[in-house]
Structures are given as structure tokens and as C-alpha cells.
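Analysis of the macromolecular model
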Amino acid sequence: MKRVFLPLLAAGTISAVLSAGELTDLRAEYRDNQLFLQWKENDLPREARLTVWRSSAPITRENLPSAEPVADLLNPGSARDWWQDVDSFYVRKGNDKKSEEIFAGDVADAGKGKKIIPGFVIKENGRPLDPRSGLHVHTPEKPGTFHYAVSWKKGLHGTPEQLLPLASPVTVTAPGKAAPIRISGRKLAAGCAKGLPLIVQLHGRGGGAGVDSKGRARGTHLIFLDRSLGWREGLPVKFNLSLRRDCVQMELFDRVWIGRVMQGKEVADARDKVPAISTFWLGYNVNIGESNLGPEFRVDNYSERIILHLIRWAQEYLGTDPARTYAVGGSMGGSGAVQLATHFPDVFAAVRADVPVYSYTWERCNKVAPSAIRLVCSCGPFSAKNPARMPDGRDLLDYGNGAKNIARPEIDMPPIFATNGRNDWSIPWVNNPPFYRAANEARQAFQVFWNDGDHGMTSACPKDMRPNNRDLFRYRLDRGFVAFSNSSDNRDYGDGDPKKGDAVGWINRGLSFDEVKETPNRCEVTLRAAHPEIRYPVRADVTLRRRQQFHPAPGSTIQVTVNGKTTSMQVPSGPLTIPGIVFADSKPVTLLLEQ
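Section: the packing of aromatic side chains
Considering all chains together, one arrives at 26 aromatic pairs under this definition. Between W83 and F89, the ring centres sit 5.8 Å apart and the planes meet at 40 degrees, which makes this aromatic pair tilted. Of the two residues, W83 and F89, neither departs from the other in class, the shared state being buried. Ring centres of Y436 and W450 lie 5.9 Å apart, and the angle between their planes is 20 degrees; on these two criteria the pair is classed as stacked.

What follows is the structure, encoded as C-alpha cells:
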């Protein structure tokens, strides 16, 4: 990509010694279909907020009202890499919290020497920017020639104290597209992962920081988002990307910079009194840079769009297989995996979700706070009477209702492998049975193990119910699979009261299948039922999902052969389900369908 360097400001606007509260040296570099604007700052007040402007004409104070603000509410020193500052993510000891978690129980200690935070690295093998300077990365949505300027004001709503225009216009040759920049780690060439599966790893609550517990930088790639992917344009997002022998792993960081610390009713959890908050992978308030207090709570799902944007980039640049994308995560990450599976079944082949929230509701359980409380920090103090709403007017909790989302038998949902604890102090059990029931009734592929443990119960999960990557890779968007339902070996999960039902149990444990073999007139698969605690005989219904070739017309008659015994069956208008398959023992059962 050709790089275009633009001249500095006209003579008379640059001074050797900057005055207090002054912007100078605005410059721009247009490359990779994004515009990198940089400037110097001198002693801006802490409450200052900056705006980047665009216009088809030179920008002056007189015509500023007609210019377009492409980004507002930038903090002073926006070139500073806040991802490398532990205070961006965690409340330290000695502040208003006695302790704070960092990565599985570590704590941030007050009183230690403050690390000097460098500036962002904005090109591969580049040097960090001056963290005292300003940076904005603009993603033009259309080609053309444009003028740019930067101004600053005191506070959120003040009038500009200074306007600094760029000396020359910028010619944009094509619509921009936000693309990752490698900032550390191994260089991955275009097409290096051709045909490999992609695992999208989603972290839990308290993770996603750009530093580890010792303050060392994390993140191999950095992307500056376009306006459709955040509350303002140019938000920087980091993630880890690794190429393995059998897959590409993308570890995403769910943190959004809001440029302030929320207070009072904006905060339901003291851990959220930081300028880089978690969104539970479900988006956030469109006004989060200014206030979350309402009275209306408008939420856009930037988080899921970022994930989909990076998945498409991995497919287009690295060459990962579009038929083999998987989401895995625990706690908040497991919650995100379930949401992604049920919202985008045409993107994800399968997901693994440990101790997830399946549905966000206001129901209480065993003194555990309602799951909807988790969304207050990112969405605002909404309530059942005054709900948070998405751009189309839909109630956010309706969008995040996993039981409702999976209850669509006409859609081939990705298989979901999950774990849950009946006495989870973080995830209320009351939301789980409705999801279990809905998945079974819709004949979706769902397997779960539960016990009477807490949030860390997954370590007690039997090995035969913990699918590894190879197990997930069996599922592809371009290959049929079997979904089991109504298994007689299932345990009783109760009605949502942790004291009712089996303390330890499972759904669809030990039910498996070999490759589904299809032609337009024939479909054959071998089925099995076996696990260490199984009690034969076992009966289960079998639904053929993601069929690729075998599509008999609804109402027509097909022949169903089970272990050599043939019967006739009328094809239903819904999922193609063969009821009551009997497993007398651990021997395989052959199922053949013909038309």
C-alpha cells in the first residue's frame, strides 16, 4: 500500500516552545485505507476533551458548525497506550476496594512504583509514539478529498478553546476498512492458515487486560475500530493471535475505553470503577463516553460486531476455513459463546461454554444477584420497568434470552457443550433449567454436566464430558451432524431451585455418532451410547442437523432402517427426527434413511 505523507501546518502555527493548553504539529499519514492523525499537546487540562473534524472545505472557526465531527471526547494524551496500564483495568489496593482480582486471583498492589506507560505502536516494527501526544485513527467510509482539524474544549460540552487545521487536504482513494496491526509476536503471512479452523477464545470477568499480573504487556495485534464498531471512532482493541499446527487461536480482549471512571448509580460492581470496562460480550450504552444514567438506555451490540469483523479478517487474510469457526470461554466468556452460537448459527460450527449465563433476567436465586445486574456497568442502570433497548427497539434482555433464542427448531444451532454448578455464587442456577428444556424441546445439539459445586465446578467435570479441540473440529458448517434429545439417561435438573433435582447430573452424556454419510437419496450414520455411569437400555431421539444433500420433501415417505430393521416414516415439516432409538448396550447402532 502506497503511503502518503502530508505536510505539517502552515508557517506561523508551529512554535518551538508550546504555550500552555496548546495543540500543534498536526500531521497525517494515509495508509492501508486508514488515516493516522497525530499532533502535539502541551499542558492540556485533565478535563479537556478533543474533537476531530472533517469537511470538504478548509476548516475554520467560522465554518466549524458545518464540519463533521468524526470523533469526539478524546482524552488528552490519546497516543498513550492505556492497554499497558494496570490502572485501566483494576482497582488497586488502597483505593475504594480492599483488593481486586487480576487473572485468577492475583491482586494489584498500591504503593509500587508507577510504570511509565509508552505510546501506541501504530505500524509493524514501529516505535512507540510519544505518550504525551495525540492520536486518532480515522476509517473513511467513502473516497474523496477531505480537510481535517482537531480542537479541544474544557469538559464534555464546552466550546472549542483552540482549532488546529491540517495544512493540506487528504485524498482518500477507497472506503476504509479497519485491519489489525501486528505489534508483537510472530509475523503471520497472508494465507498462512489456509484451511485451518479458527478458535475464538473469550475470557471471563476480570480478564481481557493488556498487561499480566506483573505488568508485562499482552496482545500481539492492535486494531483501531471504525465508527460502526464502537461508541466513537478510533477505539483501540488488542488481542492475541497464534498459529498452531492444527488451528489458529484468537484470544480476544473484551475491554472498551470510555475515558472516564463511572460513579454512583452507573456502577453496580466496584470493580467497574475503571476507564476500560468489560461488556460481557454483549455491547454497551451508545452514550457511555459521557454518561450511562439515562433516562433512556440505548445499547448497541458493538462487542459481537467486533468479533465478527475479526473472524472475517482471519478468513480473508489468514485463510482460515469459514466452515470451521468455534467459540470457547468460561464464565463471562462462556456466556458470550452461548450468545454467539444462538445469534449467529451460520458462523460458528460449535461452542464450548463453561459456567455460562444462558439468559439475562431479573430472577434471584439463593441470594445470588440477578444475572441482568452484570450488564448495568456497560448498559446503564436499566430495570424491568425501564429496559435497555437496542437500535431496533428490541429489549436487550430479550436479545440475550438464550432459552428463547435456542427454541427455534427450524434452525440448525451449533452444538453447545457446557458445564454448570447448582451453587454457583456468580451465575444463578434459576436461569439454567429453562435453557436446558428449550434446547431439548427444539431438538438442538446440547450437552451439559452439572454438580452442586460453585463457579469453579468445571474442574470436577468428567473427562468424557469435556470436549477437546479435536472433538469440536468434528463439527463443520458444511457437514451434517446428529442432535440427541429426550435421552432416558438424562438426569433431573429440577425447576430452577438449587435444592430440587439431582445434585449431580447431565444431559446427553455419552451419546455420539460417526461421520454422517449423505447422498440426495440416502443418509447413513452410526450411533453410540457409552459412558462410565450409563444404565442400559438407553432410549433417545435422533435429529439429523445441517444436512447437506439428503433433503426429502415434507410429507413424502422415507424408509428408516435401524440395525437392519426397516419401517416407513412420513417426513415432517420441521426437523428430521427419528424417535425412540434404543441402545441395548455399548454396541453401535446403524441408522439408514432412504427415499
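Here's the deal with the nonpolar core
Core analysis: the biggest nonpolar cluster contains 85 residues, and M250, L252, F348, L375, Y436 and F446 have the highest contact counts within it. Per-element tally for this core: the top contributor is helix α1 (residues 302–318), with nine residues. Apart from the residues within four sequence positions on either side, F348 is in contact with L308, I311, T325, Y326, A327, L340, P414, L477 and R546. Listed in part, the 39 residues of the second largest apolar core include A483, L511, L527 and V560.

Observations concerning unusual backbone geometry
The peptide bond linking G294 to P295 adopts the cis configuration, its omega dihedral lying at 15 degrees. Structurally, the position occupied by P295 is in the loop between β17 (284–285) and β18 (297–300). Cis geometry is adopted by the peptide bond preceding P537, which originates at Y536 and carries an omega value of -5 degrees. Within the secondary structure, P537 sits in the loop between β28 (522–529) and β29 (538–545). One non-glycine residue, V355, lies in positive phi territory at about 35 degrees.

Thresholds applied
- Residues numbered from 1 in each chain as written.
- Predicted model: local features only at pLDDT ≥ 70, side-chain atom pairs only at ≥ 80, totals over all residues.
- Heavy atoms only, no water.
- Phe/Tyr/Trp six-rings, centres within 6.5 Å; stacked < 30°, edge-to-face > 60°.
- Buried < 20%, exposed > 50% of the residue type's maximum accessible area, 1.4 Å probe, protein only.
- Core = buried A, V, L, I, M, F, W, Y, C linked by side-chain atoms within 4.5 Å.
- Helix = DSSP H or I, 4+ residues; strand = E, 2+ residues; numbered from the N terminus.
- Contact = heavy atoms within 4.5 Å.

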